[in-house]
Amino acid sequence: MTVNMYGSNPRSLDDLLGSLDPDERGRTRLLDAHENTQMQELSINRMPQTSWGTIDWERLPPLERREVRLFEEAERLLTEWIRKYFSPDFPVVIFWGNLVVPSVEMPSVAAANHSDEILDTGYDLWIFGPKDAVLIEYYHEGTMTVWRVPARCDADAVDHST
């Protein structure tokens, strides 16, 4: 898909956006194509990729990785990890595996409160906390992984001791 397809289906976010309370909605926004690209450059694009489009966690050991089988289990774990790894009330950016769904920036607290709607929006997703330099990936086959994003794009030079 080309960049002009990015965000062409914002209605796919209706359930998520409709579930937010007025304060959460006032602090949530859709990223335009340029902002989306900038956030990807700070997060997903710093990670090695597999040929099927997921982050290659074999090359960069994660902080945590779990297999989840049920939607409720994925929802519970996503909520737990958002609260554990992202600073409260700082923004996180949510990317879905389908470019027609615009990426969303929202407070981490709102993301934790609405993890079910976030998961319902798309099969594959990534949540990036710019302040914390942490990325959570949910892959549709039931793998959920969290990793600290390297400060630069050279993934082989990452110090994993922290």
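Residues numbered from 1 in each chain as written. Predicted model: local features only at pLDDT ≥ 70, side-chain atom pairs only at ≥ 80, totals over all residues. Heavy atoms only, no water.

### Structural notes on the overall build of the protein
- In terms of regular secondary structure, the protein is built from 6 helices and 7 strands.
- Secondary structure elements in the protein, listed N-terminal to C-terminal, are α-α-β-α-β-α-β-β-α-α-β-β-β.
- The C-alpha atoms of the protein give a radius of gyration of 15 Å, which matches the 15 Å a tight globule of 162 residues would have.
- In terms of overall dimensions, the protein has a C-alpha envelope of 40 × 35 × 30 Å along the principal axes.
- Out of the 162 residues in the protein, the part that is buried amounts to 48%.
- Surface summary for the protein: the accessible area is close to 8400 Å², and the carbon and sulfur share equals 50%.
- Charge centroids of the protein, computed over 15 positive and 28 negative side chains, lie 4 Å from each other. (Helix = DSSP H or I, 4+ residues; strand = E, 2+ residues; numbered from the N terminus. Rg over C-alpha atoms; globule rule 2.2 N^0.38 Å. Buried < 20%, exposed > 50% of the residue type's maximum accessible area, 1.4 Å probe, protein only. Areas by Shrake-Rupley, 256 points an atom, 1.4 Å probe, with all protein chains shown as cover. Lys, Arg positive; Asp, Glu negative; His and termini not counted. Charge placed at Lys NZ, Arg CZ, Asp CG, Glu CD.)

### Let's talk about the nonpolar core
- Within the largest apolar cluster, 31 residues are counted, with the highest numbers of intra-cluster contacts made by Trp96, Met106, Ile118, Ile127 and Ile136.
- Of all the elements, helix α4 (residues 71–85) adds the most residues to this core, at 6 residues.
- Filtering out sequence-adjacent residues up to four positions away, isoleucine 127 remains in contact with Leu78, Ile82, Phe86, Val92, Val93, Ile94, Ile118, Val134, Leu135 and Ile136.
- Counting residues in each nonpolar core, the second largest holds 15 residues, with Leu31, Leu60, Val93 and Val149 among its members. (Core = buried A, V, L, I, M, F, W, Y, C linked by side-chain atoms within 4.5 Å. Contact = heavy atoms within 4.5 Å.)

### Some remarks on the sheet that holds strand β1 (residues 29–30)
- Taken in spatial order, the 7 strands make up an open sheet running β1-β4-β3-β5-β6-β7-β2, and their pairing is antiparallel. The open sheet has two edge strands, β1 and β2 (64–67), and neither has a second partner.
- Relative to the sheet, α4 contacts β2, β5 (125–129), β6 (134–139) and β7 (143–148), its axis offset from that of β2 by approximately 170°. (Pairing = 2+ DSSP bridges. Axes fitted to C-alpha atoms, helices over the stretch in contact; angles between N-to-C directions.)

### Topic: the confidence of the model for the protein
- Across the protein, the average pLDDT comes to 89, with 91% of residues at 70 or higher.
- Segment residues 155–162 is flagged for pLDDT under 50; beyond a separation of four residues in sequence, or across chains, it makes 11 contacts in the model. (pLDDT = per-residue confidence, 0-100.)

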